[in-house]
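# Commentary on secondary and tertiary structure
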Amino acid sequence: MPESRRPVAFADIDTWDLEADVVIAGHGIAGVSAAIEAARAGAEVLILDRAGGWGGAAALSGGWIYLGGGTPLQRALGFEDSAENMETFMTAALGPGVDGGKIHAYAHGSLEHYDWLTGCGVVFKEEFWGEPGWEVPHDEGLGYSGGENASPFREIATPAPRGHIPQMTDKRTGVRGAGYMLMKPLVETAETLGVRAEYDTRAQRLVTAADGTVEGLVARRFGTDVRVRARRGVVLATGSFAYNAEMIEAYAPRLIGRPAAAIEEHDGAGILMAQAAGAALAHMDATEVAFFGDPQMMARGILVNGRGQRFIAEDTYGGRIGQAVLIQQDNAAYLVMDMDAHEEALGTETSTPYFRQPPTWAAETVAELESDMGLPAGTLTATVDAYNRHAADGADPVLHKKAQWLRPLSGPVAAWDMRGFTAGFTLGGLRTDVDSRVLHVDGAPIPGLFAAGRCTSGVCAGGYASGTSLGDGSFFGRRAGVSAASG
Ligand SMILES: Cc1cc2nc3c(=O)[nH]c(=O)nc-3n(C[C@H](O)[C@H](O)[C@H](O)COP(=O)(O)OP(=O)(O)OC[C@H]3O[C@@H](n4cnc5c(N)ncnc54)[C@H](O)[C@@H]3O)c2cc1C
């Protein structure tokens with residue numbers, strides 16, 4: 001029998017085990033941001049987490065947080081940006097079907113959000129990393145993180161790097177990574193404000209009054225029910241459903257067997273609890289998709305599909321490549337490079353040296369390579385012929401890779417079999433308004449219920465840029481805290 005998610009009737013509870021004005025389920029990025037703002041608004045705040053401590057996926061993460069509009073860091077490093085420019089990029093890159101109100105609020109609130117983060121003690125080092133990469137190799141504070149400077153977005157909006165990375169020392173993911181360096185000052189800020197936390201406490205069901213108002217929740221701790229009263233509001237901040245196999249099958253089946261950049265605690269609990277109280281959902285099919293390739297190599301080569309054809313500008317954001325491979329190319333991709341390009345790539349710095357594996361095939365000619373790869377005769381050769389003809393003129397009229405990466409392939413060539421090299425996490429979830437109120441299927445807010453982070457549908461409706469999860473989790477987490485505190 002699956003555990004019940006149905007709301008418990010408020011009238012049936014006589015005694016409460018824990019009590020606060022605002023009760024938050026989940027002590028990751030959305031939860032801690034909600035806690036700080038609720039406490040600052042004068043509420044007594046209690047955070048519950050099913051894990052043994054704070055942090056969630058956020059503390060293990062790469063720490064990229066999407067900020068722009070001309071932040072002090074962008075300006076100090078010589079980059080022009082505006083809220084309008086940021087909004088244009090986000091609308092184009094994170095759709096189709098973005099929530100225009102959320103993107104507008106996010107882009108226009110970004111400067112203030114930057115100040116809020118640094119005011120809580122988050123440090124961004126004044127150094128830019130401009131090479132292709134998944135993460136910065138050192139402690140640089142700014143980088144491109146969503147294909148802003150690659151086709152098609154560089155033609156749609158003025159390119160500006162918006163991936164802000166909290167400074168780390170002696171980088172060690174999960175201990176001294178940038179995600180940890182984002183979470184630590186926020187948690188310390190919450191503690192200073194008197195926010196309490198209870199761990200090993202798993203929120204299971206909401207408690208609702210007869211009129212549907214959320215009055216608290218029931219959690220499980222070591223096999224026992226814990227009844228938690230929320231005098232002003234409950235905030236759900238429990239993360240994605242990447243590790244709920246049934247939900248993945250139902251909503252985002254391309255991710256079956258390939259969860260990544262998520263934690264096992266992301267089992268969709270917050271979504272299910274709220275759904276059982278009538279909450280609406282949005283973009284449940286949307287997924288972030290990482291691609292296990294080295295960006296320094298990909299930019300210098302060509303990526304082809306199972307028909308030997310190019311399908312994306314190879315110098316774009318790796319997450320955009322991942323989505324294209326998994327969703328449009330049946331999870332099949334091959335990287336093709338000549339020897340010179342390969343050697344040049346190996347001479348560069350990367351944060352992902354483990355993606356630099358030896359090639360699967362190597363041959364003297366493209367025709368031989370094509371045959372070794374089992375591609376239909378004439379397909380890869382036609383692709384390379386066309387690529388080379390235009391690359392010789394410094395152009396890529398097919399996919400618009402930037403001129404700096406264009407060079408005809410010549411001499412011995414090699415290919416990497418990258419079929420199935422994708423994994424990711426879910427972006428869909430509860431439908432919330434710009435004030436992080438959870439919306440009922442009838443469109444009205446559910447009284448007393450708020451949510452943020454990956455258990456909601458945030459700024460990403462389809463596309464993704466690194467930093468938008470920590471970004472919208474913290475931005476709309478804050479709003480959830482303010483709304484919940486105002487009762
Ligand atoms: C290796 C890695 C790298 C990443 N890199 C980046 C990056 O650079 N930039 C970026 O934007 N994103 C990145 N992400 C993704 C990002 O970390 C998450 O999407 C983000 O943390 C989601 O925020 P959240 O608050 O919704 O969830 P979390 O930060 O995971 O917090 C959710 C919390 O809820 C708790 N919880 C779950 N269920 C319950 C329950 N029933 N009751 C009580 N508590 C519960 C969990 O234990 C967890 O502590 C990365 C993730 C990983 C793992």
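Let me begin by describing the structure that accompanies this report. (Residues numbered from 1 in each chain as written. Predicted model: local features only at pLDDT ≥ 70, side-chain atom pairs only at ≥ 80, totals over all residues. Heavy atoms only, no water.)

### As for the packing of helix 1 (residues 29–40) against helix 16 (residues 468–485)
- Between helix 1 and helix 16, whose axes approach to 7 Å, the crossing angle comes to 35°. Note that helix 1 runs across helix 16; the crossing there is right-handed. Between helix 1 and helix 16, the residues in contact are I29, A30, S33, A34, E37 and A38 and S469, L470, G473, S474, G477, R478, A480, G481, V482 and A485, respectively.
- By residue class, the composition of the contact of helix 1 with helix 16 is eight nonpolar, six polar and two charged. (Axes fitted to C-alpha atoms, helices over the stretch in contact; angles between N-to-C directions. Helix = DSSP H or I, 4+ residues; strand = E, 2+ residues; numbered from the N terminus. Left-handed = near helix turned anticlockwise from the far one by under 90°. Contact = heavy atoms within 4.5 Å. Nonpolar A, V, L, I, M, F, W, Y, C, P; charged D, E, K, R; others polar.)

### Notes on the site of the ligand
- Around the ligand, a shell composed of 36 residues is seen, among which D49, A57, H266, R454 and L470 lie nearest.
- One of the backbone nitrogen or oxygen atoms of S469 is found 3.2 Å away from an oxygen atom of the ligand.
- Protein contact buries 92% of the 990 Å² of open area that the ligand shows by itself.
- Within the residue set of the shell around the ligand, elements represented by two or more residues are helix 1, helix 2 (56–60), strand 9 (202–208) and helix 16.
- With four residues, the single largest contributor to the shell around the ligand is helix 2. (Near = heavy atom within 4 Å. Polar contact = N/O pair within 3.5 Å; in protein donor to acceptor, adjacent residues only side chain to side chain. Areas by Shrake-Rupley, 256 points an atom, 1.4 Å probe, with all protein chains shown as cover.)

### As for the layout of surface pockets
- Taken as a whole, the second largest pocket holds about 500 Å³ of empty space.
- Around the second largest pocket sit 26 residues that line it, and Q323, A324, I327, Q328 and G462 are the ones nearest its centre.
- Those elements giving two or more residues to the lining of the second largest pocket turn out to be helix 4 (83–93) and helix 12 (318–328).
- Here the lining of the second largest pocket takes five residues from helix 12, the largest share from any one element.
- Tallied by class, residues from the lining of the second largest pocket come to 16 nonpolar, seven polar and three charged. (1 Å grid on protein atoms, 1.4 Å probe; cavity = no way out; pocket = protein on both sides within 12 Å on 5 of 7 lines; lining within 4 Å. Points joined across faces, edges and corners; volume = space filled by probe spheres on them.)

### Considering the environment of A209
- Structurally, A209 can be placed in the loop between strand 9 and strand 10 (214–221).
- Owing to a relative accessible area of 18%, A209 belongs among the buried residues under this scheme.
- C-alpha separation for the pair A209 and T383, spaced 174 residues apart in sequence, amounts to 64 Å.
- The contacts of A209, once residues within four sequence positions are left out, are F10 and E215. (Buried < 20%, exposed > 50% of the residue type's maximum accessible area, 1.4 Å probe, protein only.)

### Considering helix 12
- Among the eleven residues that make up helix 12, eight are buried, leaving the element largely enclosed by the rest of the structure.
- Along helix 12, the residues classified as buried are G318, G319, I321, G322, Q323, A324, V325 and L326.
- Each element contacted by the buried residues of helix 12 is listed here: strand 13 (287–291), helix 11 (295–300), strand 14 (302–304) and strand 18 (422–426).

### Structural notes on helix 14 (residues 366–373)
- Of the positions making up helix 14, those classed as buried are V366, L369, E370 and M373. Angular distribution of buried residues about the axis of helix 14 spans 100°; they occupy a single face of the element.
- Lining the buried residues of helix 14 we find strand 15 (334–338), strand 16 (361–363), helix 15 (379–391) and strand 17 (413–417).
- A positive phi of about 80° marks G374, the residue just after helix 14. (Arc of directions from axis to C-beta.)

### Description of the pattern of salt bridges
- Under the definition given, this model contains 30 salt bridges.
- Across the pair E19 and R231 runs a salt bridge whose closest N-O atoms are separated by 3.2 Å. Note that E19 is positioned in strand 2 (residues 18–25) and R231 in strand 11 (residues 224–236), a separation of 212 residues in sequence.
- Using a relative accessible area of 35% as the deciding quantity, one classes E19 as partly exposed.
- For R231, a relative accessible area of 35% corresponds to the partly exposed category.
- A salt bridge links D417 to R419; the nearest nitrogen and oxygen atoms lie 2.6 Å apart. (Salt bridge = Lys/Arg side-chain N within 4 Å of Asp/Glu carboxyl O.)

### As for the sheet that holds strand 16
- Read across the sheet, four strands follow the order 14-15-17-16 without closing on themselves; strand pairing throughout is antiparallel. Taken across any chain shown, the strands that pair with only one partner, and hence form the sheet edges, are strand 14 and strand 16. Sheet twist, expressed as the average angle between the axes of neighbouring strands with direction ignored, equals 20°.
- Against the sheet, helix 14 contacts strand 15, strand 16 and strand 17, and its axis sits at roughly 150° relative to strand 16. (Pairing = 2+ DSSP bridges.)

### Brief notes about the packing of aromatic side chains
- Under the definition given, this model contains 16 aromatic pairs.
- When the ring of Y334 is compared with that of W361, the centres are 6.0 Å apart and the planes differ by 50°; the resulting orientation is tilted. Linking Y334 in strand 15 with W361 in strand 16, this pair joins segments that are 27 residues apart in sequence. For the pair Y334 and W361, one class covers both residues: buried.
- Consider the rings of Y354 and F355, whose centres lie 5.0 Å apart with planes at 80°: the pair is edge-to-face.
- Every member of this aromatic cluster is reached through a ring pair, and the members are Y66, F89 and F153.
- Note that K102 overlies the ring of F476, its terminal NZ or CZ placed 5.9 Å from the centroid. (Phe/Tyr/Trp six-rings, centres within 6.5 Å; stacked < 30°, edge-to-face > 60°. Lys NZ or Arg CZ within 6 Å of the ring centre and 35° of its normal.)

### Re the sheet that holds strand 5 (residues 128–129)
- On the basis of which strands lie adjacent, the open sheet formed by four strands has the order 4-7-6-5 and mixed pairing. On the outer flanks of this sheet lie strand 4 (65–66) and strand 5, each paired with one strand and no other.
- Two elements, strand 5 and strand 6 (residues 142–143), share two bridges in a ladder whose sense is parallel. Within strand 6, the position partnered with F128 by the bridge is L142.

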